[in-house]
Amino acid sequence: MAKKEQATEKKTASNKKETVVEAVNTPINPLDDAAASVDGQELSVEQKLSNLYSLQLMLSEIDKIKTLRGELPFEVQDLEDEVAGLNTRIQNFKLDAKDLETTIGQQRTKISEATALIDKYKAQLDNVRNNREFDSLSKEIEYQGLEMELAEKRIREFSHEAKVVADEIERSKTLYDERKADLKSKKEELNEIISETKIQEEQLREKAKQLETTIEPRLLTAFKRIRKSARNGLGVVYIQRDACGGCFNKIPPQRQLDIKLRKKTIVCEHCGRIIIDPALAGVE
Ligand SMILES: [Zn+2]
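Values in this document were obtained by computation on a predicted structure and should not be read as measured data. (Residues numbered from 1 in each chain as written. Predicted model: local features only at pLDDT ≥ 70, side-chain atom pairs only at ≥ 80, totals over all residues. Heavy atoms only, no water.)

A. Broad picture of the coordination of the zinc ion. For the zinc ion, every protein donor is listed as Cys244 (SG), Cys247 (SG), Cys268 (SG) and Cys271 (SG), and the spread of their distances is 2.2 to 2.3 Å. Relative to the metal, the four donor atoms surrounding the zinc ion lie at angles of 106 to 113°, and the coordination shape comes out tetrahedral. Coordination of the zinc ion draws on donor residues from a single chain, spaced C-x2-C-x20-C-x2-C in sequence. Of this pair, Cys247 sits in the loop between β3 (236-238) and α6 (253-261) while Cys271 sits in the loop between β4 (266-267) and β5 (274-276), and the two are 24 residues apart along the sequence. (Donors = N, O, S within 2.8 Å, 3.2 Å for Na, K, Ca; no water. Tetrahedral: all angles 85-135°; square planar, octahedral: opposite > 155°, others 65-115°. Helix = DSSP H or I, 4+ residues; strand = E, 2+ residues; numbered from the N terminus.)

B. How the structure looks around the side chain of Arg69. Assignment of secondary structure puts Arg69 in helix α2 (residues 45-69). Look past the residues within four positions of Arg69 in its chain and what remains in contact with it is Leu190, Ile193, Ile194, Thr197 and Glu201. (Contact = heavy atoms within 4.5 Å.)

C. Seen up close, the packing of helix α3 (residues 72-125) against helix α4 (residues 131-212). α4 packs onto α3 with a crossing angle of 165° between their chain directions and a minimal axis gap of 6 Å. Taken as axis vectors, α3 and α4 run roughly antiparallel relative to one another. For α3 against α4, the interelement crossing comes out left-handed. Among the residues making up the contact of α3 with α4, the classes are represented as 32 nonpolar, 10 polar and 21 charged. (Axes fitted to C-alpha atoms, helices over the stretch in contact; angles between N-to-C directions. Parallel < 35°, antiparallel > 145°, perpendicular 65-115°, else oblique. Left-handed = near helix turned anticlockwise from the far one by under 90°. Nonpolar A, V, L, I, M, F, W, Y, C, P; charged D, E, K, R; others polar.)

D. Summary view of the environment of Gly282. You can see Gly282 is positioned in the segment after β5. Taking the C-alpha atoms as reference points, Gly282 and Tyr238, separated by 44 residues in sequence, lie 9.9 Å from one another.

E. Structural view of the sheet that holds β5. The three strands are arranged β3-β5-β4 in an open sheet whose pairing can be described as mixed. This sheet does not close on itself; its edge strands, each paired only once, are β3 and β4. As judged from the three bridges shared by β3 and β5, these two strands associate in the parallel manner. Note on β5: the bridge partner recorded for Val236 is Ile274. (Pairing = 2+ DSSP bridges.)

F. Here's a closer look at the pattern of salt bridges. Scanning the entire structure with this criterion turns up 17 salt bridges. For Glu168, the salt bridge goes to Arg171, with nearest N and O atoms at 2.6 Å. Linking Glu168 with Arg171, this pair stays in helix α4, spanning three residues, or about one helical turn. Here Glu212 ties to Lys224 by a salt bridge, and the two come within 3.3 Å at their closest N and O atoms. Of this pair, Glu212 sits in helix α4 while Lys224 sits in helix α5 (residues 217-229), placing them 12 residues apart in sequence. Taking relative accessible area as the criterion, Lys224 reaches 38% and is therefore assigned partly exposed. If you follow the salt bridges from partner to partner, you end up with Glu46, Arg262 and Asp277 in one network. (Salt bridge = Lys/Arg side-chain N within 4 Å of Asp/Glu carboxyl O. Buried < 20%, exposed > 50% of the residue type's maximum accessible area, 1.4 Å probe, protein only.)

G. Seen up close, unusual backbone geometry. Its identity as a non-glycine residue notwithstanding, Phe248 has a phi of 65°, on the positive side. Its location among the elements puts Phe248 in the loop between β3 and α6. A relative accessible area of 54% means that Phe248 is categorised as exposed. Positive phi values are uncommon outside glycine, yet Arg262 reaches one of about 60°. The residue Arg262 is located in the loop between α6 and β4 in this model.

The following block contains the structure:
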């Protein structure tokens, strides 16, 4: 009995193995034509293709809205960054200006201290008792005189620097005002476009979301992948003048007939887009 069981088990295992191998060897076709079951409702290939085409139209509308906004969102972002950068620059220059002001003040204090000392020493000169004292005071007066000259030189240098910084602040402020005005007008322009299209876009997105639930996930994923790699964002196209409506390569007559039968999901051999019958797209 044990032996028989074992044999059966073996057989089952080998059967299982075959099934697995078969599954691996069978290419997974995302555009599988088994009727989709959505909420227990069987959808025909024709219905699936029709839903997919409607979804394509909605997504193309959303793409158009995005194109309308164009570069504006990026321009606004760039201007915001530039305005913030200019503001930081102005604040830094203002700190530099304050430092220079403090330094100049210190040099002025040095001058008044030296002036006071010179006055004091000059007064003392009237009461000197010998040559040594006279020489010593004279040297002090000379030294304080040099200190004054040095401080005046420094004040001239720092004042020049302060002037440069003040000019930079002025220039940055002008630029800041210009960019800020640019930002304001670009933002208004963008907001206007957004408000004009916002409701439309939201409605389209809502409808697209609902429609997506009626399309089986594998087909939807495949469609989205095709759309992403297609430059014009088209994942489903119809036959136009015997050619694919996406890449315009000719479609053989037999293939065109198959497409018109609406029994299978057929993709373009050249670009991979799903091709449908023009009548299904509402085009004669
Ligand atoms: Zn094509």
